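Okay, here's what each chain looks like letter by letter:
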Amino acid sequence: MTRKIAGSKRKNTNSALKHVAHAALPSKFGKFTIHGFAGHGPMEEAVALVRGKLNGKAAPLVRIHSQCLTGDVLASLRCDCRAQLEYSLKKIAKAPSGILLYLPQEGRGIGLMNKLRAYELQDGGMDTVEANEELGFAADAREYDFSAQVLKQLGARKIRLLSNNPEKVRQLESSGIRVVQRVPCQPRVSRISRAYMATKKEKMGHILGGL
Ligand SMILES: [Zn+2]
């Protein structure tokens, strides 16, 4: 799990990616089509919520969201995940075309149980980066090559990316996706999430204003 992001030699060709199914998915944010994709590894599954024409003139608005059970489902205020998810779905629903790519990468790739261990360490005074490192994980263990393969399979080689994370832009570009614009993803967040976000800004290079 501590595998380095840069320079990964893992084979992940398009032919390894399986388009499992697609179906209509009306939601409170709008009408989407939901697609399921599976790769080789256990972490290599993704759900894509899609709207509009993805390979048209205007680049689709894309958000890559990593699963956060505590935030997305249980409405935790320890992080800004749910706020970002809802903000992204609203923006994508208003755009001519877009994709929300949802990845089962709990706790920035460390898994749910380890994320809870990291929370325990944070309650003892560590920040999110220190806690992950204490548990033996890189601050951000995700890889974006799989996401890039899914985007390509959907026909979205040129995108506008909703993200505050310049590393995400670099990773996608090195995997063959052209990010023509980075669109800030900054919903209003609670006071409780702010310390966590300040750490993302100071230690992980996220571009966040007004903290
Ligand atoms: Zn979260």
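Residues numbered from 1 in each chain as written. Predicted model: local features only at pLDDT ≥ 70, side-chain atom pairs only at ≥ 80, totals over all residues. Heavy atoms only, no water.

## Quick word on helix α7 (residues 166-174)
Put simply, the rule reads: Per-residue accessibility, obtained with a 1.4 Å probe over protein chains only, is compared with the maximum for each type, and a residue is labelled buried under 20%, exposed over 50%, and partly exposed between these values. In DSSP terms, a helix is any run of H or I states spanning at least four residues, a strand is any run of E spanning at least two, and both are numbered starting from the N terminus. Arc definition: directions from the helix axis to the C-beta atoms. Residues count as neighbours in contact if any of their non-hydrogen atoms are within 4.5 Å of one another.
Residues of α7 that are buried: Lys168, Val169, Gln171 and Leu172. One side of α7 holds all its buried residues, which, seen down the axis, span an arc of 165°. Facing away from the buried side of α7, by more than 90 degrees, are the exposed residues Arg170 and Ser174. Residues of α7 that are buried make contact with β4 (61-66), α6 (145-153), β6 (158-162) and β7 (178-183). Gly176, located one to two residues past α7, shows a positive phi value of around 95°.

## Observations regarding the confidence of the model for the protein
To keep things clear, this is the line we draw: Values of pLDDT, which run from 0 to 100, indicate the predictor's confidence residue by residue.
Confidence in the prediction of the protein, expressed as mean pLDDT, is 86, and 88% of residues score 70 or more. No element of the protein has a lower mean pLDDT than helix α3 (residues 106-109), which averages 71, and none a higher one than β6, which averages 97. Segment residues 1-14: pLDDT under 50, and 24 contacts once partners within four positions in sequence are set aside and those in other chains are kept.

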